[in-house]
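A structural walkthrough
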Amino acid sequence: MAFMGFYCATSDAQPDTLPSVQGTLPHFIQEPEDAYIVKSNPIKLRCRAAPALQIFFKCNGEWVHQNEHFSQEYKDLNTGLKVREVMINVSRQQVEDFHGPEDYWCLCVAWSHLGTSKSRKATVRIAYLRKNFEQDPQGKEVPINGMIVLHCRPPEGVPVAEVEWLKNEELVSSLTDDNIDTRADHNLIINEARLSDSGNYTCLASNIVAKRRSATATVIVFVNGGWSLWTEWSPCNVPCGRGVQKRSRTCTNPAPLNGGAFCEGMSVQKITCNALCPIDGGWDEWSEWTICSSQCERQRSRECNSPAPRHRGKICEGNSEATENCTDGLCTQNRKLLHDVKPQSMDSTNDVALYSGLGAGIIAVAILVVAVMLYRKNHSEYGVDVIDSSALTGGFQSFNFKTTRQGNPLLLNSSMQPDLTVGRTYSTPLCFQDSTDKDLFDPLPDIKVKVQSSFMVSLGVAERAEFHAKAPAETFPRDLSRDYCSTMDRRKKGLLTLNGPLSTAKEQLRTTGVFGHPGGRLVVPNTGVSLLVPHGAVAENMSWEMYMVINQGEASVQTLEGCEILLGPEVMYGPPGLDLFCPVAMTIAHCAEVDAENWNIQLKRKTQDSKWEEVMSVEEESTSCYCLMDSSSCHLLLDQPGSYALVGEPLTQAAVKRLKLAVFGSMEASSMNYSLRVYCVDDTPHAFQGVVAAEKTRGGQLLEEPKMLPFRANTFSLQVSIQDVPQFLWSIKPFTTCQEFSFPQVWCSNQQPLHCAFSLERYSPATAHLSCKISVRQVKGHEQILQVYTAVAETEKESVPFFMQTDCTITSQTGPKAFKIPLSIRQRICATFDTANAKGKDWQLLAQKLHLDRNLGYFAKQQSPSAVILSLWEARHQDTADLDSLASALEEIGKIHSKSSPKDQEEPESDFNHIHAGTLCGTDKLTSEKTEDSAPEYTG
């Protein structure tokens, strides 16, 4: 009230104190400005006005007490007017105690003789900056030349925080880089990403109170791989005949960087080529003699045109022209008859011709005699036994067989009963089945002709080779492709008839199982064929009834083209609509000696119109499927159900496929006769299982452990002979001691067994044993000897176990028991290797240590590359009982990184060290981190 009285008094006194300048109101030279209280420091508000008698502050509609004003007065030198300046302090407490509809405010009121003037309102606020960002920037992976947008919303604050961006702790400025824009609502925009833009980005917010840092966002600019141009085709890898040309490209245009995708497609292409073989020149026929010339000579000529030398062939040897004397008394020289030849000279010439003719005749007779003797000698060593078995009803036979129910597999020694229930130890377990039908072989003919001399059954390997042509070059000549491929074509057209009747039955081996989320394994017993369904391949709360079928009919391979042969059984898995999250692993046994230089091996799939299409070549990289070739099995990673077959095309004569040889025996209807049957079959468990099943129906005994014979693609035939038969105890039919099968029939057998038979007759019922040798050899190739020693007397037969397989009836397993690696360990391995790690512990290193480091582009496309690698490892080691190789690989990885990063030794023990060989048991390590106490919402 006292202050208001002062105001009124001054107002009444205005007319008595008018300034020298008439008509002037107070003019503010300085008005109060908005201010922020930082922490507990008061702020100062100032006003200056001229001319002014008094200046007072009014805050929030109320006058500030006079005692709180600090005023001074001075004279402006420019205008000569008196200038009054007033200042007040505003404390934090005053602002906090004010509870109005608007912010705390103050203004100045200045008086002069003519009236009052008011200044602008100045607001006073308490400054703060909260700790938490409303939106932190998020890390990104961006392809090169793509746009990068990092969003940032700073914490709430007064005054509003300003935003800056840091890259790797250095300030980012849009002024120095036109590609960067930081003006758009606090966001960071990089218009076209460059490799140099990769880094750790931080949003920095600040005002007069504090600075705040956002979470760091990692930006990775990656480069997807691109193929380089194809190289030129390489020269044909053979100098003559059928070969291979290659060309390649690399994933370096550009190379994948920072996790960019691998190139899709194949890095190597192969095509077949035909190198033109040299053709040596040949002489034409001689021309007619010319007329006798005046020099008593006549000439004739010939040309090297039959054929002309081509393709680096040799030119003809010899003379292209011939000249002879024609002096028979009728030729003239210098227009005169020649009668100066002396008679005695002519007589001596006639004598020389006479003796020369006699000498030549004697030499010719001697050569003829020697040739006849050598021929008879060689022919007597063979007897007349080397024959083509196509002329024998008991020769090689190809057959089909029908599947039977599971039984107890056993095989016999020489003293066994003729029902395949026992036998000697054998490396490959087989599972026999009870016969459901009686489609047996036609019985072999009874052979009872006696042999009186032992030389009929003793065949020398060196001598037998003399009956065959000279070995061709190491690459396929024209005659090989003609013989091999044309025979293949005849087989496809049904024109090639093998020895003996063929079974027309086309049965299928089939196994089924129901699989859910835990996965499992499907096995066709004793065939070398299995299917692994990984854990997680089937969605949760779902299940699929899956099946696997082995087609045993010949019709399925008739669509193969060129010189391709089937290296393993044709396998189909399904159902067709199968939908899985990751590929399955299929294992198929094969019979090839794997060598990229000699074989072109492909995986083929049957289309809906029963034609075969190539899926991939095993030596090339593909992102559609994966093929791993071991010495005896092929492991496939497949996404699409269907029928698959492994086919091979020989590139050189060094290509080898393995044959399994086995000899079986049984007594014939007559107790005096004994039959030996020798089988040659592709070396796969499935193919040999058919032999054993067929022999079981015939009551056969396995007389010798089966052996393997490498069969080369050299176009030479296969010979089977019986040797060392006791000639005083046993007789064998003549002309059957050595039987021969042509090369195409053996090479193109396509998993169908071939066999020949020897029928022997004992002279006396007292003969209780048979001992002999069976020689199986390829001309110009390898040889195997099967030693036969068996008891034939019924009273002396005893059963000796051959082998037994206890789990032969198990066709499917589900859940953890189907896998070698425990699920918890598998998940830990995937979690460790699927994520790129600064220490290099990623899935590519895992693949390298497990020797699966080819065709990495296929793994890169998978959602969990480590899981697919482990599935392939499971399929590859399904027959081993321990996990040593996996444990050793993980231990080696752990050692490598412990050496490269010494500081890692202080960290908790790595997961690798918890995985021990044989058990792979892991112990979880739990760690906890302390968190900072939460700070106040704002500071002041």
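Residues numbered from 1 in each chain as written. Predicted model: local features only at pLDDT ≥ 70, side-chain atom pairs only at ≥ 80, totals over all residues. Heavy atoms only, no water.

1. Quick notes on the overall build of the protein
The helix and strand tally for the protein stands at twelve helices and 52 strands. Within the protein, the fraction of its 940 residues that count as buried is 46%. Of all intrachain contacts in the protein linking residues separated by at least 6 positions in sequence, the fraction that spans at least 24 positions is 73%. A total of about 48,100 Å² of accessible surface is found on the protein, and carbon and sulfur atoms cover 51% of it. (Helix = DSSP H or I, 4+ residues; strand = E, 2+ residues; numbered from the N terminus. Buried < 20%, exposed > 50% of the residue type's maximum accessible area, 1.4 Å probe, protein only. Contact = heavy atoms within 4.5 Å. Areas by Shrake-Rupley, 256 points an atom, 1.4 Å probe, with all protein chains shown as cover.)

2. Quick word on a nonpolar patch on the surface
Among the surface-exposed residues, Ile144, Leu195 and Leu257 lie close enough to one another that they form a single nonpolar patch of about 220 Å² accessible area. By the secondary structure assignment, Ile144 is in the loop between β12 (140-143) and β13 (148-150). Exposure remark for Ile144: the relative accessible area of 35% places this residue in the partly exposed category. (Patch = residues over 30% accessible without salt bridge, like charges linked within 9 Å, V, L, I, M, F, W, Y side chains within 5 Å. Salt bridge = Lys/Arg side-chain N within 4 Å of Asp/Glu carboxyl O.)

3. Some details on the packing of aromatic side chains
Taken as a whole, this structure holds 13 aromatic pairs when the rule is applied. Both rings, one in Phe711 and one in Phe743, keep their centres 5.7 Å apart while their planes meet at 15°; by these two values the pair is stacked. Of the two residues, Phe711 is situated in strand β45 (residues 707-712) and Phe743 in helix α7 (residues 743-747); the sequence distance between them amounts to 32 residues. Pair check on accessibility: Phe711 and Phe743 agree, each one buried. (Phe/Tyr/Trp six-rings, centres within 6.5 Å; stacked < 30°, edge-to-face > 60°.)

4. So, the side chain of Arg605
Mapping Arg605 onto the fold places it in strand β37 (residues 599-606). For the buried Arg605, which has no salt bridge, the nearest side chain bearing the opposite charge is Glu613, at an N-O separation of 4.2 Å. Side-chain polar atoms of Arg605 contact the side chain of Tyr644, separated by 3.4 Å. Those residues within four positions of Arg605 in sequence are excluded, and the remaining contacts are Lys611, Trp612, Glu613, Val615, Gln640, Pro641, Gly642, Ser643 and Tyr644. (Lys, Arg positive; Asp, Glu negative; His and termini not counted. Polar contact = N/O pair within 3.5 Å; in protein donor to acceptor, adjacent residues only side chain to side chain.)

5. Remarks on unusual backbone geometry
Cis peptide bonds are those with omega within 30 degrees of zero, and the linkage from Ala50 to Pro51 qualifies with -15°. Its place among the elements puts Pro51 in the loop between β3 (43-50) and β4 (54-59). Here Gly574 and Pro575 are connected by a cis peptide whose omega angle stands at 20°. Looking at the secondary structure, you find Pro575 in the loop between β35 (570-574) and β36 (584-589). You will see that His311, though not glycine, has its phi angle at about 55°, which is positive.

6. A word on the sheet that holds β36
On the basis of which strands lie adjacent, the open sheet formed by six strands has the order β39-β40-β36-β32-β31-β52 and antiparallel pairing. Across the chains shown, the open sheet's two edge strands, defined by having one partner strand only, are β39 (626-629) and β52 (812-814). Here the strands of the sheet are splayed against their neighbours by 10° on average, with no regard to which way each runs. Summarising the sheet, strand β31 (residues 520-524) and strand β32 (residues 529-533) pair through five bridges and their orientation is antiparallel. In the strand pairing of β32, Gly520 is matched with Val533. Strands β31, β32, β36, β39 and β40 (633-638) of the sheet are contacted by helix α11 (residues 865-876), whose axis makes an angle of about 150° with β40. (Pairing = 2+ DSSP bridges. Axes fitted to C-alpha atoms, helices over the stretch in contact; angles between N-to-C directions.)

7. A closer look at the environment of Gln30
Within the fold, Gln30 resides in strand β1 (residues 27-30). What makes Gln30 partly exposed here is its relative accessible area of 24%. Beyond its immediate sequence surroundings of up to four residues, Gln30 is in contact with Arg46, Cys47 and Arg48.

8. Considering the state of the cysteines
In the structure shown here, the tally under the stated rule is eight disulfides. Through a disulfide, Cys152 is tied to Cys203; the S-S separation comes to 2.0 Å. One disulfide, between Cys152 and Cys203, carries an S-S torsion of -80° and so falls in the left-handed class. Placement of the pair is Cys152 in the loop between β13 and β14 (157-158) and Cys203 in strand β19 (residues 199-206), with a sequence separation of 51 residues. Given the relative accessible area of 1%, Cys152 is considered buried. Relative accessible area serves as the criterion here: at 0%, Cys203 is assigned to the buried category. (Disulfide = S-S within 2.5 Å.)

9. As for α11
Along its twelve residues, α11 runs 17 Å from first to last C-alpha, staying within 8% of the 16 Å computed at 1.5 Å per residue. Burial of α11 is extensive: eleven of the twelve residues sit out of reach of the surface. Of the positions making up α11, those classed as buried are Pro865, Ser866, Ala867, Val868, Ile869, Leu870, Ser871, Leu872, Trp873, Glu874 and Ala875. (Expected span 1.5 Å × (residues − 1).)

10. Examining the pattern of salt bridges
Taken as a whole and assessed by the stated rule, the structure comprises 23 salt bridges. Where Arg876 meets Asp630, a salt bridge forms, and the shortest distance between an N and an O atom there is 3.0 Å. Here the residue Arg876 occupies a position in helix α11, and Asp630 occupies one in the loop between β39 and β40, the gap between them amounting to 246 residues. Classification of Asp630 as buried rests on a relative accessible area of 18%. One network of salt bridges, with partners in common, ties together Asp177, Arg194 and Asp197.

11. A short note on the sheet that holds β3
In space, the four strands of this open sheet follow the order β1-β3-β7-β6, with antiparallel pairing throughout. Sheet topology places β1 and β6 (70-75) at the edges, where each strand pairs with a single neighbour. Within this sheet the neighbouring strands show an average axis-to-axis angle of 25°, counted without direction.

12. What to know about the nonpolar core
Grouped together as the largest cluster of nonpolar side chains are 70 residues, with contacts concentrated most on Tyr573, Leu638, Leu676, Ile722, Phe758, Ile774 and Val776. Counting only domains with at least three residues in this core, you end up with domain 3 (510-652) and domain 4 (656-791). Among the nonpolar cores identified, the runner-up in size contains 33 residues, and Leu532, Phe819, Leu870 and Leu886 belong to it. (Core = buried A, V, L, I, M, F, W, Y, C linked by side-chain atoms within 4.5 Å. Domains from an automatic or database assignment.)

13. Focus: the packing of helix α8 (residues 823-833) against α11
α11 packs onto α8 with a crossing angle of 135° between their chain directions and a minimal axis gap of 8 Å. When the axes of α8 and α11 are compared, the pair comes out oblique. At the point where α8 passes α11, the crossing takes the right-handed sense. Across from Arg826, Ile829, Cys830 and Phe833 in α8, the residues of α11 making contact are Ser866, Ala867, Leu870 and Ser871. Each residue belonging to the contact of α8 with α11 can be placed in one class, and the counts come to five nonpolar, two polar and one charged. (Parallel < 35°, antiparallel > 145°, perpendicular 65-115°, else oblique. Left-handed = near helix turned anticlockwise from the far one by under 90°. Nonpolar A, V, L, I, M, F, W, Y, C, P; charged D, E, K, R; others polar.)

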